[in-house]
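Remarks on the overall topology
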Number of protein chains: 6
Amino acid sequence: MEQAIYYEDYEIGSVRESIGRTITETDIVMHAGQTGDFFPHHLDKEFAKTTAFGKRIAHGTLTFSIGVGLTANVINPAAFSYGYDRLRFIGPVFIGDTIHTKVTIKEKKDHKKNPDMGVVTEALEVINQDGRVVLACEHLLMCEKKK
Amino acid sequence: MEQAIYYEDYEIGSVRESIGRTITETDIVMHAGQTGDFFPHHLDKEFAKTTAFGKRIAHGTLTFSIGVGLTANVINPAAFSYGYDRLRFIGPVFIGDTIHTKVTIKEKKDHKKNPDMGVVTEALEVINQDGRVVLACEHLLMCEKKK
Amino acid sequence: MEQAIYYEDYEIGSVRESIGRTITETDIVMHAGQTGDFFPHHLDKEFAKTTAFGKRIAHGTLTFSIGVGLTANVINPAAFSYGYDRLRFIGPVFIGDTIHTKVTIKEKKDHKKNPDMGVVTEALEVINQDGRVVLACEHLLMCEKKK
Amino acid sequence: MEQAIYYEDYEIGSVRESIGRTITETDIVMHAGQTGDFFPHHLDKEFAKTTAFGKRIAHGTLTFSIGVGLTANVINPAAFSYGYDRLRFIGPVFIGDTIHTKVTIKEKKDHKKNPDMGVVTEALEVINQDGRVVLACEHLLMCEKKK
Amino acid sequence: MEQAIYYEDYEIGSVRESIGRTITETDIVMHAGQTGDFFPHHLDKEFAKTTAFGKRIAHGTLTFSIGVGLTANVINPAAFSYGYDRLRFIGPVFIGDTIHTKVTIKEKKDHKKNPDMGVVTEALEVINQDGRVVLACEHLLMCEKKK
Amino acid sequence: MEQAIYYEDYEIGSVRESIGRTITETDIVMHAGQTGDFFPHHLDKEFAKTTAFGKRIAHGTLTFSIGVGLTANVINPAAFSYGYDRLRFIGPVFIGDTIHTKVTIKEKKDHKKNPDMGVVTEALEVINQDGRVVLACEHLLMCEKKK
């Protein structure tokens, strides 16, 4: 679905929540295969027993990629992703955990150089089935202003 | 390969570079499948022709995940990943581009609360076959100090 | 996105069109891997040269699965899929073709046994980059009526 | 294995059964990734608990694709797939269920326009480990006649 | 398809050939992801230009796995795979090459300890579209004797 | 990591062990999809109950491919893989088993024709979580001699 959302349309404090998704063993195995990160924390059940968590955990980049992907519903031709700040891996994600993403509009700023653009900061929280935030970050969205 | 690298072992200014990897159409299709982000910028050749880039581009989370994955060679039991700062998507990655990651030790700081730990900041640059930086970020590594 | 759409909400003749997606070699290889159908029409470039099409074609079940998947945007808790009629493979889909799906509400009927339900028939057309219909079918949707 | 089977070779009432295959969580995750259908009925364990089925179910297009794929043993150069009729999702397929496909030759008809061809209707039933039919459809096979 | 083939049924010198399959970039990327072997010979187009082959080559284990897989048509309940001898990577397999496997019954021997069993040696040759053997090995098949 | 290791550098009797990896249902499903080997020994839970092992087992080519892949850490520009001898499937690998690979330098020989090369034989053992060898083979490595 495509829908133009302009700088002026974003309201500070507004919140949207994604649907949920269970992180499976498949997701972890596929992410290892995509990234080449086969560290035993993610892929070796026996090794994982010896760690503080006691079992295999999802890659940080997996939780981030799926957490962001869950928000990709509406194609906004009036904005593009500029980057992320303060990405933090707050808690572990285990096989069988179900996560969803909460997006809160946190800040709006004029673009320093381009008067036709603004920067919207979205606070992303990836939350598990117990309501615990497992990953947080700030998404910087470059948005066109209405003419 | 497992090797303990302590806070004291990291030298500011030291640099390591990963091997390279060509980003394929397969990587993009699999990343869409992993994240659920099927935006036409990544998956629709006809749509992509109408964009500024003129062709399909890799997801930001894909370049980030592979860029980080390329650095996952040595398992360091004396450190863990705390998060990332200033992640920026600087240039597009197209199908057939070959990227590698350059890691520079940028900063070292004592941990604010835990005297046995320090925070090492690694500057990551993902660089394509033309020497262009396409993604940059700072990796925060929590490291044990030697006793 | 979840949104309840009831039997009464469907209007005969109304049309929606999905975004597009390029069918890649990856999609065909992965579909062979998922279904176990490794017929050379799909996976053997040399064999394909000897066929009427002259090149590898997508599996019918692949075009159907992606064509249907492209319409899966809104979760409707007031309806479920009952089945498909008159599924026809009208034209070949080649590697690099870009398809999208057009859905037309074609018919509405009371459920024969359950007065609280109705059956909505959606005509699905999967269309390639040249505007050619490559697959058509009718989707039967069991819908709740408003109370 | 290639073997020419002509219109005359099909006998009404003859039956063949495929080998079995267990539908895994991997299959469902991969099918979501292939089709872009990440509906929580298939991928969200917590959501699934709130549905009538109580657990995640396979996509209809997955059961259909694998059910059909299980029959793809013999390459018949004298026939091609024309389409499917009366495809019905009769029962749920859960993670861990094992399905196989039973094919019964149901009907034979001359082609309306081409005297050298005939249409064979195969009734496909996808059956789970308890003997329950979970999907049924009719496959239309365009077959050459012997000269 | 299941069919019991006993020790006595194998004839020295008899030959069967599999269907063909084109080795795609997808196959190589997926095999890297399955095995964790991301060596630049397979995945880095720029590196590959500097090698004797000049382009990316398939992993030896990929050619072996697909070469063997191509022969997996008939389930023989009267035999099982004991191992392989003299596996040799004779020539490179490039993206886009099409391979098939030729199996020749080479030798038959009584089992040293079990009088009810025999060992059949199959010579496997994986052959590309130019008729060149790219991989060869000997497959040891433990077979039941007829009673 | 790239490091030149010459013929003279290999010491008979020296041993290295890889990290571990748990073989998952995902690995088996993906390997079936890669190779086209959908034999019920690997993919049909109900069939597997009727076999001597009582449950699904990994493909031999999967255990071999992963077992070899686990050793692919250091890119050695002074050597290449010539082949494998005496590959034996010694014990079953079940879903959830964790394997690692032990490599022992077993033999060194001058190359018969090329005085600048030598052949190093590495004994590979793939070992499960109970210390049981499940696969063994000998790897022939063609190595340059120092000048």
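Summary of the structure given here. Since we're looking at a predicted model, the values are computed, not measured.

With that out of the way, let us pick up the interface of chain C and chain F. A common way to report how large an interface is uses the accessible area buried once the components associate. The interface of chain C with chain F comprises five residues on the first partner and six residues on the second. Summing the contributions of chain C and of chain F, the shared interface buries around 310 Å²; its carbon and sulfur component is 74%. Between chain C and chain F we count zero residue pairs in polar contact (both at pLDDT 80 or more) in total. Among the residues making up the side of chain C that touches chain F, the classes are represented as three nonpolar, two polar and no charged.

Counting residues at the interface gives 35 residues for chain B, matched by 35 residues for chain A. Carbon and sulfur atoms supply 59% of the area buried between chain B and chain A, which totals about 2700 Å² over both sides. Linking chain B with chain A are two salt bridges, by the criterion used here. For R88 of chain A, the salt bridge identified is with D85 of chain B, shortest N-O distance 3.0 Å.

Let's shift gears to the side chain of S18 of chain F. All names here are of chain F. Structurally, S18 is set in the loop between β1 (15-17) and β2 (21-22). You can call S18 buried: its relative accessible area is 15%. Non-local contacts of S18, meaning those with residues more than four positions away in its chain, are made with L70, H100 and T101.

Let's shift gears to helix α1 (residues 25-35) of chain B. Residues and elements named next belong to chain B. In terms of burial, α1 is a largely internal element, eleven of the eleven residues being buried. Along α1, the residues classified as buried are E25, T26, D27, I28, V29, M30, H31, A32, G33, Q34 and T35. G36, located one to two residues past α1, shows a positive phi value of around 85 degrees.

A few words on the pattern of salt bridges. Overall, the coordinates contain 54 salt bridges over all chains when judged by the stated rule. Measuring nitrogen to oxygen at the nearest pair gives 2.9 Å for the salt bridge that ties E25 of chain C to R56 of chain C. On the criterion of sequence distance, the pair formed by E25 of chain C in helix α1 (residues 25-35) and R56 of chain C in the loop between α3 (45-49) and α4 (60-69) is long-range, its members being 31 residues apart. For the pair E25 of chain C and R56 of chain C, a shared accessibility class is recorded, and that class is buried. Salt bridges here are not isolated pairs; linked through shared partners, they connect R86, K106 and E138 of chain A.

Conventions and cut-offs
Residues numbered from 1 in each chain as written. Chains lettered and ligands numbered in written order. Predicted model: local features only at pLDDT ≥ 70, side-chain atom pairs only at ≥ 80, totals over all residues. Heavy atoms only, no water. Contact = heavy atoms within 4.5 Å. Buried area = accessible area lost by both parts, 1.4 Å probe. Polar contact = N/O pair within 3.5 Å; in protein donor to acceptor, adjacent residues only side chain to side chain. Nonpolar A, V, L, I, M, F, W, Y, C, P; charged D, E, K, R; others polar. Salt bridge = Lys/Arg side-chain N within 4 Å of Asp/Glu carboxyl O. Helix = DSSP H or I, 4+ residues; strand = E, 2+ residues; numbered from the N terminus. Buried < 20%, exposed > 50% of the residue type's maximum accessible area, 1.4 Å probe, protein only.

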